[in-house]
Amino acid sequence: MPTTGDATADRVLLALLTMQRESWEQGILGQALLDLGLDEAAVLVADAAVTRQRPDGRLGEPAGSVGAVNGAACGEVVRHASRRTGDRRYGVALDAQLDWLTRRAPRAADGTLFHLLDGRQVWADTIYMVVPLLALTGRTEAAAAQVAGHRRRLYDARTGLYAARWDEDRGEPDRPGPWGTGNGWVVAGIARALRLAPDWPGDLRAELAGHAEEVLTACLAYRGADGLFPDVLDEPDAFREANTAQLLGYAALTGVADGWLARSWFEAGADLLAAAARRIDAYGRVTGVSGAPDFERPGTSPEAQACHLLGHAALRRAGAALSAG
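Owing to the predicted nature of the structure, the values given are computational and were not obtained by experimental measurement. Counting restarts for each chain, with residues numbered from 1 along the sequence as it is written. With pLDDT at 70 or above as the cut-off, local features in this predicted model cover only qualifying residues; side-chain atom pairs require 80 or more to be listed or tallied, and sums for whole chains, interfaces and linings still use all residues. Side-chain numbers here rest on the full set of heavy atoms in the structure, without hydrogens or water.

(A) Highlighting the overall build of the protein. Counting from the N terminus, the helices are the DSSP runs of H or I reaching at least four residues and the strands are the DSSP runs of E reaching at least two. Looking only at helices and strands, one finds 12 helices and 9 strands in the protein. Taken over the C-alpha trace, the protein has a radius of gyration of 18 Å; the compact-globule value for 325 residues is 20 Å, and the two agree within 12%. With respect to the principal axes defined by its C-alpha atoms, the protein has extents near 50 × 50 × 40 Å. Here the term buried applies to any residue with accessible area under 20% of the maximum for its type, exposed to any over 50%, and partly exposed to those in between, with areas from a 1.4 Å probe on protein chains only. By the burial criterion, 58% of the 325 residues in the protein qualify as buried. For the protein, restricting intrachain contacts to residue pairs at least 6 apart in sequence, the fraction spanning at least 24 positions comes to 64%. Within the structure as shown, the protein displays about 12,700 Å² of accessible surface, and the carbon and sulfur contribution to it stands at 50%. In the protein, which carries 34 positive and 42 negative side-chain charges, the distance between the mean positions of the two groups comes to 4 Å. The globule rule used for comparison is 2.2 Å times the number of residues to the exponent 0.38, while the radius of gyration itself is calculated over C-alpha atoms. Two residues form a contact once any of their heavy atoms are found within 4.5 Å. Under the convention used here, a 1.4 Å probe and the Shrake-Rupley method define accessible areas, while residue burial counts only the protein chains that appear. Think of it this way: Lys and Arg go in the positive column, Asp and Glu in the negative one, and His and the chain ends go nowhere. A single reference atom marks each charge: NZ on Lys, CZ on Arg, CG on Asp, CD on Glu.

This is the structure in structure tokens:
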């Protein structure tokens, strides 16, 4: 098995590799492997995502899947496989995914992508699934446009938080509560996009970084004494959820490593990851997260496992950046 060089992270990775994964979880696993420098394992993850690619271009999806955008999370690792191996199969697969994403996936009149094939809904999750890949492949304006479209529908400037889902036909939120994981997807997606594409036209980079910091700051107001958050941030009686802390910690540490957040964010990011790490059980499972497969009650999930590894790699990068001055 590939090793991260850290015993706890290795247990988390082993548990992740044994779990049945959906398309976005396969993609985030690949991203974590890339961030940890495990390039050969990342190629195998990409190979599996391409093997399950739908004829319309969606990576990693089984037949019958109604996910419109989740497969795009696999795009980064498929691009890596194309460059590492030179195998044309990966480049063709990535082109098909990008063609689906940019031209044929269902979307609102202003171009904002719908999350599903069978409904006209905009989800906060989509920012993480599509914005980093668009940025990585040179489509920074399209990436920023997706953030803007989601922000118009889901962001509440009074609270600084995102609702989970928007119904385009009704013109109102379908799930108005500020789901912690959803807000985590927003800031983590922006952070990864800024990392993967350092060059943005005009003031887009500063605008996106500033917005991510606003949401991070707003989320921290709901953090409890245990270092974690309610599953729905403004519902104190909701269960205590750990993956929100991992996503926020990853975003904060990535911002420090890449220079768009102040050094003072390092302590907050490291502490968020440490709080979630206290939930890791003897098998390496991050427990007490929004649990697969429906994400409506506490449990475990491949996405939470992968987010632990992303956070672990971001902590290393941020620490190295601070040490370098």
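The discussion continues.
(B) View of unusual backbone geometry. For the bond running from A292 to P293, omega is 5°, close enough to zero to count as cis. Along the chain, the position of P293 falls in the loop between β8 (289-290) and β9 (298-299). Phi at F295 is positive, roughly 60°, even though this residue is not glycine. Tracing the backbone shows F295 in the loop between β8 and β9.

(C) Spatial organisation of empty space enclosed by the protein. Think of a 1 Å grid over just the protein atoms. A cavity is a set of points where a 1.4 Å probe fits yet cannot get out, a pocket is an open set with protein on both sides within 12 Å along at least five of seven lines, and lining residues have an atom within 4 Å of a point. Grid points are joined across faces, edges and corners, and a volume is the space filled by probe spheres set on the points. The final tally for this structure, using the stated rule, is 1 cavity of 30 Å³ or more. Size it by volume and the largest cavity reaches roughly 40 Å³. Taken together, Q31, A72, A73, E76, Y128, M129, P132, L133, L136 and L196 make up the full set of residues lining the largest cavity.

(D) Examining the packing of helix α2 (residues 23-35) against helix α12 (residues 302-323) more closely. Geometry is summarised by axes, namely lines fitted to C-alpha atoms with helices restricted to the contacting stretch, and by angles between N-to-C directions that run from 0 to 180 degrees. Put simply, α2 and α12 touch, their axes get as near as 9 Å, and they point 20° apart. What the angle tells us is that α2 and α12 run roughly parallel. In the crossing of α2 with α12, the sense of the turn from one axis to the other is left-handed. From α2, W24, E25, I28, L29, Q31, A32 and D35 reach across to α12, where they touch P302, E303, A306, L309, L310, A313 and R317. Of the residues assigned to the contact of α2 with α12, the class counts are 9 nonpolar, 1 polar and 4 charged. Any angle between 65 and 115 degrees counts as roughly perpendicular, while under 35 counts as roughly parallel, over 145 as roughly antiparallel, and the rest as oblique. Crossings are sorted by hand: turned counterclockwise from the far helix by less than a right angle, the near helix makes the crossing left-handed, and turned clockwise it makes it right-handed. Note on residue classes: Ala, Val, Leu, Ile, Met, Phe, Trp, Tyr, Cys and Pro are nonpolar, Asp, Glu, Lys and Arg are charged, and everything else, Gly too, is polar.

(E) Structural detail: helix α3 (residues 39-51). Under the convention used throughout, the expected extent of a helix is 1.5 Å for every residue step, that is, one less than its residue count. For α3, which comprises 13 residues, the first-to-last C-alpha distance of 19 Å matches the rise-based estimate of 18 Å (1.5 Å per residue) to within 8%. Within the sequence span of α3, burial applies to A41, A42, V43, V45, A46, A49 and V50. At its buried positions, α3 is contacted by α2, α4 (75-85) and α5 (88-104).

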